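Residue-level structural notes
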Amino acid sequence: MTQKGIYIHLFLALLLLLASCAKKQQEPMTPWGGEETDTASADFDLEQIVCNGELIALALSGPDTYYDYRGKQLGTEYMLCQRFTNKIGVSLRVEVCRDSAEMLKRLADGDADIILFRNRPQSKQLAWKVGDDKPQLVKALTEWYRPQLLDEVRKEEDYLLSSRSVKRRVYAPMLNAKGGVISHYDGYFQQYCRSIRWDWRLMAAQCYQESTFDPQARSWAGACGLMQIMPSTADHLGLARSDMFNPEKSIAAAAKLIGELNRSFSDIRNQQERIKFILAAYNGGANHVRDAMALARKNGRDPQRWSDVSHYILLLAQPEYYNDPVVKYGYMRGSETAGYVDKIMQRWNGYRGVKSPSVGSVSGTPQRATHEKKKYKI
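Residues numbered from 1 in each chain as written. Predicted model: local features only at pLDDT ≥ 70, side-chain atom pairs only at ≥ 80, totals over all residues. Heavy atoms only, no water.

1. Quick notes on the packing of aromatic side chains
What describes a pair of aromatic rings is the distance from one ring centre to the other and the angle between the planes of the rings. Tallied over the entire structure, the rule returns ten aromatic pairs. Both rings, one in Tyr69 and one in Trp220, keep their centres 6.3 Å apart while their planes meet at 5 degrees; by these two values the pair is stacked. Residue Tyr69 is located in strand E2 (residues 67–69), and its partner Trp220 is located in the loop between helix H8 (200–211) and helix H9 (231–237); the two are separated by 151 residues in the primary sequence. Under the relative-accessibility criterion, Trp220 is labelled partly exposed at 26%. Pairing Phe277 with Trp306 gives two aromatic rings, centres 5.4 Å apart and planes at 75 degrees, and the pair type is edge-to-face. Separated by 29 residues along the polypeptide, Phe277 in helix H11 (residues 271–284) and Trp306 in helix H13 (residues 306–315) bring together distant segments of the chain. Assigned by exposure class, Phe277 and Trp306 land together as buried. (Phe/Tyr/Trp six-rings, centres within 6.5 Å; stacked < 30°, edge-to-face > 60°. Helix = DSSP H or I, 4+ residues; strand = E, 2+ residues; numbered from the N terminus. Buried < 20%, exposed > 50% of the residue type's maximum accessible area, 1.4 Å probe, protein only.)

Structure below.
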């Protein structure tokens, strides 16, 4: 080969080497030295979902789709989807969107696997939307779903939201009326209410509403003991889960929680009004109470007056209110929380021998005032 031919070969080899290096520089590298591939554009079907161990669903807040209930997730479509994820052996993560357009865009972008649309009341068809790149998931859902599942889930949810789902013995609300003894736990109420400056009879009234003075009471959601404290809340308060049924420790933890809520709602200047906000937050969550306060403020009502805020606590069960832009935490079973506050305040008045003022019922219709002391069976 001539010297000229050798130079041509060397020149061509150099060009190929430079082209190869340029290509390498254009391809992103992972921290461990390998080429980074665009996994987002790759199909992420059932096999990959199972390997990843999680199915991601998108939903709008609402009673038929997905909502938070005392730290637990409910909603017909959510519970139905949870059955499916249990079947395929993965966990379920739900992300709440503001509207259908956001859900459809995120599904198209590959941010989620499925959309939990609200089913029509009389329909037994599955109303979910699955990503177009997931034929295996569509096939698995089609083979799994039976119309009877929807009825089963609805019955299960109705049961969970009823008093039948709470296991407890019902004790009298007054142990000894003549002696002024409310319960066996009065000493603990008195001891732990001092630090939070609450009338101990108020906590006793709350305790009866929570557990009817049964220290072994347990709800389906996992709330335990006299003050029905959730396991996650117990962890936050430093209450060992092995002590959740201990009467004194349950009351001590509840007092600690009430103290935290008292500080959280310190912007409610009137102490008597603040009590009602604290009780509502204990039952339905502080975030939902703040949503109702925001609605009251937006609509020209007093966000520091319970009679105004409780009106919007009730309305958070309606789409035009829980979808309002000022609402951050969506749907709420407001009638339960409003009734919870009313019943405790009335029982507290009974324990103190105070005439109960007219209290609005959960439907908003005024009730007749009580003008005599409540009589309890001993």
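From this point, things continue past the structure.
2. As for the packing of helix H7 (residues 186–193) against H8
Each packed pair of helices is defined by two parameters, the angle between the axes and the distance between the axes. Look at H7 against H8: their axes get within 8 Å of each other, and the N-to-C directions meet at 125 degrees. Between H7 and H8, the interaxial angle falls into the category oblique. Here H7 runs over H8; the crossing is right-handed. Contacts from Asp186, Phe189, Gln190 and Cys193 in H7 reach Trp200, Met203, Ala204 and Cys207 in H8. Of the residues belonging to the contact of H7 with H8, the class tally is six nonpolar, one polar and one charged. (Axes fitted to C-alpha atoms, helices over the stretch in contact; angles between N-to-C directions. Parallel < 35°, antiparallel > 145°, perpendicular 65-115°, else oblique. Left-handed = near helix turned anticlockwise from the far one by under 90°. Contact = heavy atoms within 4.5 Å. Nonpolar A, V, L, I, M, F, W, Y, C, P; charged D, E, K, R; others polar.)

3. Regarding empty space enclosed by the protein
Considering all chains together, one arrives at one cavity of 30 Å³ or more under this definition. Taken as a whole, the largest cavity spans an internal volume of roughly 70 Å³. Every residue lining the largest cavity is listed: Asp68, Tyr69, Arg70, Asn283, Gly284, His288, Met332, Arg333, Glu336 and Thr337. Among the secondary structure elements, those contributing two or more residues to the lining of the largest cavity are E2, H11 and helix H15 (334–352). Looking at side-chain class alone, the lining of the largest cavity contains two nonpolar, four polar and four charged residues. (1 Å grid on protein atoms, 1.4 Å probe; cavity = no way out; pocket = protein on both sides within 12 Å on 5 of 7 lines; lining within 4 Å. Points joined across faces, edges and corners; volume = space filled by probe spheres on them.)

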